[in-house]
Amino acid sequence: MAQPALRLEPEPEDATSVPPSRMLLRVPGDTPEAADTFWLRQVYRGDRLPQLTLRAVLLGSAVGVVTCATNLYAGLKVGLQFGVAVTAVLLAQMTHGLLRRLSPGLGGAPLSPLEACCSQAVASAAGYATGGALVSVQGAYLITQGHHPPGWTLLAWTFLLSALGVLFAVPLKRQLVDREQLPFATGTAAAVTVHALNGTGAEAAARLRALGLGGLVAGVITAGREALGRIPAAWPLPGSLGGVPLEKLGFALETSLLPVGAGALLGLRTTASMLLGAGVFHGLVAPRLISAGHISAEGGVGALLTWGLWPGAAALTTASLLRFALQGRTLARALRGWGAARNRPPHPVDALQVPRGWLLAGMAVLTPATVAVAHVGFGIPVLHATLAVGLSFILCLMACRVTGETDATPVGPLGQVTQLTYGVLLPRNVEANLVTAGITVNAASSAADLLSDLKTGHLLGAHPRRQFLAQLLGTAVGALAVVPLFYLLVPDRSALGGERFPAPAAFTTASVAEVLASGLEGLSPAIRAAVAWAALAAAVLTLAEHLLPERLRRWAPSPLGVGLACLLPASTSMGLFIGGLAMAVTQRVRPASVEGRVLPLSAGLIAGEGLVGVVIAALGSVW
């Protein structure tokens, strides 16, 4: 998920120079050509500062292993992916600062701003190498097929699709980042962070302390809970609803701080919607289901989540697809902009971009390799696999445009569009439905991530071609790290669906594939009624988001938040709401501390628990 957009004012349009202590948030220029000229003369520093150095790549790779591990852990736990750009910058700076203290000779001089940008690009690419596909599509594959694909298949699959997304983004960079200068708020936040860390020491030190404090507290609590058994997983709430104890319905205060950190990044509206959804499903619907005999009270939270999968998936799918349809104008702008960019005369800045020959050579290698792995590893017909790659490029246009404008990559709806397409082309084939959706999810998320990184580099004056190479290196590092971690955390089907890893994204994707394969006839009448009501409610809320005026829209519940609450324990939704509420209170009481302290602290809570949780799982597999 994206971090909150910055509230910073751009430089005046008549700026003629960029003082070293300041950074432009928008390159001035009456025409795209004038903006390119200004950027090349006043902002670009790729020939004056080191960027793609060995230490930057190694540092980014080390941080990337951490970010991909924590994102995988968080995705399995709460079903969400978090932008790692700002966290990667802070971790890289903290790691290098510690190295310089322990071994000044090995640490060398401080990182240049462009080396920090390069490390962030490698780490961010590695952190997004999962692309949402491992926690959603591959998790769904395990749920429906009952086994993992071979290791070589999943490793090649993850790398090829991530690299393919990187290549897809190349022809979009000049239009979306340079010409239109879309916000890409996470990329802008990363650039501001790099600039601040290379400026006065007070602000940089505060950010690093907040990140370290969050990671330390979350890590200690996680170790005490999962390794030592000294801390309970949750404290149940007293009382009952409809004659059912609240503990049986999942209402409790979790000791996990990951949902609290995640809620702070998601914001109050989404987390309040999740609390509302938990109240409706776990508090009102669940007691009725238990009294009617549809669910056994002895089944606990697991039985509730199994039943709630269907209305939750219906709400998420309906909201995602309807939102996708309502964004038709955005897709049209993306297609028009890409076509216009191809017809413009060349500019000296074009010499710094990724050469067209690199793009064509990469596509010539990666496309048949992807089709081959899909055919050999998963049994997808060659023609259908090729069509999926082509469809992914079209959907990447949408993903990158939406990410640039809203800072949220719609990988969920894009994957579901592919699932619906192949539900028609290859009916009753669950495996093909999931594999083709994986192509879209991984490629789209990687493409959007690259453009966010390129936005960071554009603001800092980095060399675009070197950033592209750093991104490719990051996808390789991420694939090599995250696939073994996925097998470690999820050794078999039984690891998914419990309180530790509810994996809502995996179960949602699996349910869509199963419905497309067998239809709703196999579901009980009660579940079919719940699916219909959930889809209707999600459609109404989505239309309200789109049609209401801005002053009323923020009060409308988020359909995605309400739907996701059906797939998570009520205790997790409560933790997310606590984080969202804390962020909202901080923004009102002490707004100046949000960027410098609260956001790094929240990122530290996610990273600390995720990293320690992965280490505990690794040690548990050895002893």
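Owing to the predicted nature of the structure, the values given are computational and were not obtained by experimental measurement.

1. Observations regarding the environment of histidine 148
In step 1: If you trace the backbone, histidine 148 turns up in the loop between helix H6 (134–145) and helix H7 (151–179).
In step 2: Along the sequence, histidine 148 and arginine 493 sit 345 residues apart, while their C-alpha atoms lie 8.7 Å from each other.
In step 3: If we ignore the near neighbours within four places in the chain, the residues touching histidine 148 are Tyr141, Leu142, Phe486, Tyr487, Val490, Pro491 and Asp492.
In step 4: There is a polar contact of 2.6 Å between the side chain of histidine 148 and the backbone oxygen of valine 490.

2. Re the confidence of the model for the protein
In step 1: Residues with a pLDDT of 70 or more make up 84% of the protein, whose mean pLDDT is 80.
In step 2: Long-range and interchain partners of residues 1–21, a stretch whose pLDDT sits below 50, account for 47 contacts in this model, where long-range means more than four residues apart.

3. A few points about helix H5 (residues 113–127)
In step 1: The terminal C-alpha atoms of H5, which comprises 15 residues, lie 21 Å apart, in line with the 21 Å expected from a rise of 1.5 Å per residue.
In step 2: Among the 15 residues of H5, 15 are classified as buried, and the element is accordingly described as predominantly covered.

4. Overview of a nonpolar patch on the surface
In step 1: Where nonpolar side chains cluster on the molecular surface, the patch consists of Leu52, Trp358, Leu469 and Leu473 and spans about 310 Å² of accessible area.
In step 2: Here leucine 469 lies in helix H19 (residues 464–489).

5. A short note on the pattern of salt bridges
In step 1: The final tally for this structure, using the stated rule, is nine salt bridges.
In step 2: For arginine 174, the salt bridge is made with aspartate 350, and the minimal N-O distance between the two is 2.8 Å. Linking arginine 174 in helix H7 with aspartate 350 in the loop between helix H14 (328–342) and helix H15 (356–378), this pair joins segments that are 176 residues apart in sequence.
In step 3: Exposure remark for arginine 174: the relative accessible area of 11% places this residue in the buried category.

6. Thoughts on the packing of aromatic side chains
One pair of aromatic rings is described through two measures. These are the centre distance and the angle between the planes.
In step 1: One pass over the structure, following the stated rule, counts eight aromatic pairs.
In step 2: Arranged with centres 5.5 Å apart and planes meeting at 80°, the rings of tyrosine 73 and phenylalanine 501 form a pair that is edge-to-face. One end of the pair, tyrosine 73, is in helix H2 (residues 54–78); the other, phenylalanine 501, is in the loop between H19 and helix H20 (504–518), and 428 residues separate them in sequence. For the residue pair tyrosine 73 and phenylalanine 501, the accessibility class agrees, reading buried in each case.
In step 3: Measuring from ring centre to ring centre gives 6.4 Å for tryptophan 358 and phenylalanine 468, while their planes differ by 35°; the resulting arrangement is tilted.

7. Quick notes on the environment of threonine 440
In step 1: Residue position: threonine 440 is located in helix H18 (residues 430–460).
In step 2: Placed 52 residues apart in sequence, threonine 440 and alanine 388 show a C-alpha to C-alpha distance of 7.5 Å.

8. Some thoughts on the packing of H5 against H19
To characterise two packed helices, one gives the angle between the axes of the helices and the distance between these axes.
In step 1: At a minimum axis separation of 7 Å, H5 and H19 run at an interaxial angle of 40°. Remark: the crossing between H5 and H19 carries right-handed chirality. Note on element contacts: H19 touches H5 through Gln467, Ala470, Gln471, Gly474, Thr475, Val477 and Gly478, opposite Cys117, Cys118, Ala121, Val122, Ala125 and Ala126.
In step 2: Partitioned by chemical class, the residues of the contact of H5 with H19 number eight nonpolar, five polar and no charged.

9. A few points about helix H21 (residues 525–547)
In step 1: Along its 23 residues, H21 runs 33 Å from first to last C-alpha, staying within 8% of the 33 Å computed at 1.5 Å per residue.
In step 2: Among the residues making up H21, those that are buried are Ile527, Ala530, Val531, Ala534, Ala538, Ala539, Leu541, Thr542, Ala544 and Glu545.

10. A closer look at the nonpolar core
In step 1: Judged by nonpolar contacts, the single largest core of 118 residues is most densely connected at Leu72, Leu76, Trp157, Leu249, Leu451 and Leu496.
In step 2: When residues in this core are grouped by element, the largest group, 14 residues, is from H7.
In step 3: With residues up to four places along the chain from it excluded, the contact list for leucine 496 reads Leu76, Gly139, Leu142, Ile143, Val490, Phe501, Ala503 and Phe507.
In step 4: In this structure, Ala88, Ala190, Leu459 and Leu460 belong to the second largest nonpolar core, which totals 24 residues.

11. A word on the side chain of lysine 455
In step 1: Within the secondary structure, lysine 455 sits in helix H18.
In step 2: We note that lysine 455 is buried and unpaired, the nearest opposite charge coming from aspartate 178 at a distance of 7.9 Å.

12. What about the packing of helix H1 (residues 32–43) against H7?
In step 1: Running from N to C, H1 and H7 point in directions that differ by 80°, and their axes come no closer than 11 Å. By the angle class used here, H1 and H7 are roughly perpendicular. Facing Pro32, Glu33 and Asp36 of H1, the residues of H7 in contact are Arg174, Asp178 and Arg179.
In step 2: Its residues assigned to classes, the contact of H1 with H7 shows one nonpolar, no polar and five charged.

Procedures and definitions
- Residues numbered from 1 in each chain as written.
- Predicted model: local features only at pLDDT ≥ 70, side-chain atom pairs only at ≥ 80, totals over all residues.
- Heavy atoms only, no water.
- Helix = DSSP H or I, 4+ residues; strand = E, 2+ residues; numbered from the N terminus.
- Contact = heavy atoms within 4.5 Å.
- Polar contact = N/O pair within 3.5 Å; in protein donor to acceptor, adjacent residues only side chain to side chain.
- pLDDT = per-residue confidence, 0-100.
- Expected span 1.5 Å × (residues − 1).
- Buried < 20%, exposed > 50% of the residue type's maximum accessible area, 1.4 Å probe, protein only.
- Patch = residues over 30% accessible without salt bridge, like charges linked within 9 Å, V, L, I, M, F, W, Y side chains within 5 Å.
- Areas by Shrake-Rupley, 256 points an atom, 1.4 Å probe, with all protein chains shown as cover.
- Salt bridge = Lys/Arg side-chain N within 4 Å of Asp/Glu carboxyl O.
- Phe/Tyr/Trp six-rings, centres within 6.5 Å; stacked < 30°, edge-to-face > 60°.
- Axes fitted to C-alpha atoms, helices over the stretch in contact; angles between N-to-C directions.
- Left-handed = near helix turned anticlockwise from the far one by under 90°.
- Nonpolar A, V, L, I, M, F, W, Y, C, P; charged D, E, K, R; others polar.
- Core = buried A, V, L, I, M, F, W, Y, C linked by side-chain atoms within 4.5 Å.
- Lys, Arg positive; Asp, Glu negative; His and termini not counted.
- Parallel < 35°, antiparallel > 145°, perpendicular 65-115°, else oblique.

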